[in-house]
Amino acid sequence: MGGSQVTVATASDPARFPLLLLDTHVLVWSVEDNPRLGPRAKHAINRAAREERVAVSAITPWEIALLVSKGRLKLTADVMEWLRAALSLSGVRLSPLEPEIAVASTRLPWEMHADPADRILVATARNLGATLVTADHALLELVGLGHFKGMDAEK
């Protein structure tokens, strides 16, 4: 996945490979080649990237920078440099935080924990018709209940 320009994600075209929205930890795992990223998920992300079908929510850079600032995440480069490189990878698109997504994140039609980043990721996935790639068990449980599309990042 190499390239130089960030494009904006739009609603999924069903005739193409599904749009994948990467949870924050999945973006980090993918860029850092972390072995926690399972072979099925890695293959799907690589295929989606070849077809320019990988999206990253606008909340993800904020969450990564927050984790780095709190010492909960160590990156191979300065956080801004790392984010620029990650978001310029071929096939990766930044999905903006549109007002519809922000509002939808407060109106999810089921009970969900209050983590704003997770709520925005779910609302973004629903808005784009994307499959959320995550290892978050609480989010995968909601996927299992049919609330949105998801993929287990550890498989």
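Computed from a predicted model, the values in this text were never measured in an experiment.

A. Highlighting helix H6 (residues 116–128). Helix length check: H6 (13 residues) gives 18 Å between terminal C-alpha atoms against 18 Å at 1.5 Å per residue, within 8%. Of all the 13 residues making up H6, ten are buried; the element is thus mostly covered by neighbouring parts of the structure. Every buried residue of H6 is listed here: Ala-117, Asp-118, Arg-119, Ile-120, Leu-121, Val-122, Ala-123, Thr-124, Ala-125 and Leu-128. Two to three positions downstream of the cap, the backbone nitrogen of Ala-117 sits 2.9 Å from a side-chain oxygen, assigning the N-cap of H6 to Asp-115.

B. Spatial organisation of the pairing of strand E3 (residues 54–57). In E3, alternate side chains face the same way, and those of Val-54 and Val-56 on one face and Ala-55 and Ser-57 on the other are all buried. As paired elements, strand E2 (residues 20–22) and E3 share three bridges and run parallel to each other. Looking at the pairing, Leu-22 lines up with Val-56 of E3. The pairing of E3 with strand E4 (residues 92–95) spans four bridges and is parallel. Of the residues in E4, the one forming a bridge with Val-56 is Leu-94.

C. Representation of the nonpolar core. In terms of nonpolar packing, the biggest core is built from 29 residues, with Leu-20, Ile-45, Ile-64, Trp-82 and Val-133 touching the most fellow members. Listing elements by their share of this core, those giving two or more residues are E2, helix H1 (24–32), helix H2 (39–50), E3, helix H3 (59–69) and helix H4 (79–87). If you tally residues by element for this core, the top one is H2, at five residues. Beyond its immediate stretch of four places on either side in the chain, Ile-64 contacts Thr-24, Leu-27, Val-28, Leu-73, Leu-75, Val-79, Trp-82 and Leu-83.

D. Main features of the packing of H1 against H3. At a closest axis distance of 9 Å, the pairing of H1 and H3 adopts a crossing angle of 75°. Classified by the angle between their axes, H1 and H3 sit roughly perpendicular to one another. Together, Thr-24, Leu-27 and Val-28 of H1 and Thr-60, Glu-63 and Ile-64 of H3 make up the contact between the two elements.

E. Molecular detail of the pairing of strand E5 (residues 131–134). By the alternation rule, side chains of E5 split into Thr-131 and Val-133 and Leu-132 and Thr-134, which are all buried. Looking at chain direction, E5 and strand E6 (residues 150–152) are connected through three bridges and run parallel. Counterpart to Leu-132 in the pairing with E6 is Gly-150. Each parallel crossover has a hand, and for E5 linked through helix H7 (residues 137–144) to E6 it is right-handed.

F. Looking closely at the environment of Trp-62. By the element assignment, Trp-62 lies in helix H3. With 55 residues separating them in the primary sequence, Trp-62 and Ala-117 have C-alpha atoms 8.8 Å apart.

G. The environment of Leu-108, seen in detail. Assignment of secondary structure puts Leu-108 in the loop between helix H5 (99–104) and H6. With a relative accessible area of 10%, Leu-108 lands in the buried category. Sequence separation between Leu-108 and Arg-119 is eleven residues, and the spatial gap between their C-alpha atoms is 8.1 Å. Excluding residues that lie within four positions of it along the chain, Leu-108 makes contacts with Arg-119, Val-122 and Arg-126.

What counts, and where the lines are drawn
- The residue numbers shown here count from 1 along each chain, following its written sequence.
- In keeping with the model being predicted, local features are shown solely for residues with a pLDDT of at least 70 and side-chain atom pairs are shown and tallied solely at 80 or more, while totals for entire chains, interfaces and linings include all residues.
- Side-chain metrics rest on all non-hydrogen atoms present in the structure, leaving aside hydrogens and water.
- Helix and strand assignments follow DSSP, with helices taken as H or I runs no shorter than four residues and strands as E runs no shorter than two, numbered in order from the N terminus.
- A helix is expected to span 1.5 Å for every residue after the first.
- For each residue, the accessible area found with a 1.4 Å probe, counting protein chains only, is set against the maximum for its type, and the residue is called buried under 20%, exposed over 50%, and partly exposed in between.
- Whenever a nitrogen or oxygen atom comes within 3.5 Å of another N or O atom, the pair is scored as a polar contact, on the condition that within protein one atom can donate a hydrogen and the other can accept it, and that pairs from neighbouring residues in sequence are kept only if both atoms are in side chains.
- DSSP calls a pair of strands paired once it identifies at least 2 bridges connecting them.
- Residues enter a nonpolar core if they are buried and are Ala, Val, Leu, Ile, Met, Phe, Trp, Tyr or Cys, with the set joined through side-chain atoms within 4.5 Å.
- Contacts were defined at the residue level, with two residues in contact if any of their heavy atoms lie within 4.5 Å.
- Structural elements are reduced to axes, namely lines fitted to C-alpha atoms, with helices fitted over the stretch in contact, and the angle between N-to-C directions of any two is expressed from 0 to 180 degrees.
- Here the word oblique covers every angle except those under 35 degrees (roughly parallel), over 145 (roughly antiparallel) and from 65 to 115 (roughly perpendicular).
- With the strands aimed away from the viewer, a crossover counts as right-handed if its path from the first strand over the helix to the second runs clockwise.

From the geometry alone we can't say anything about function, so treat these as descriptive.
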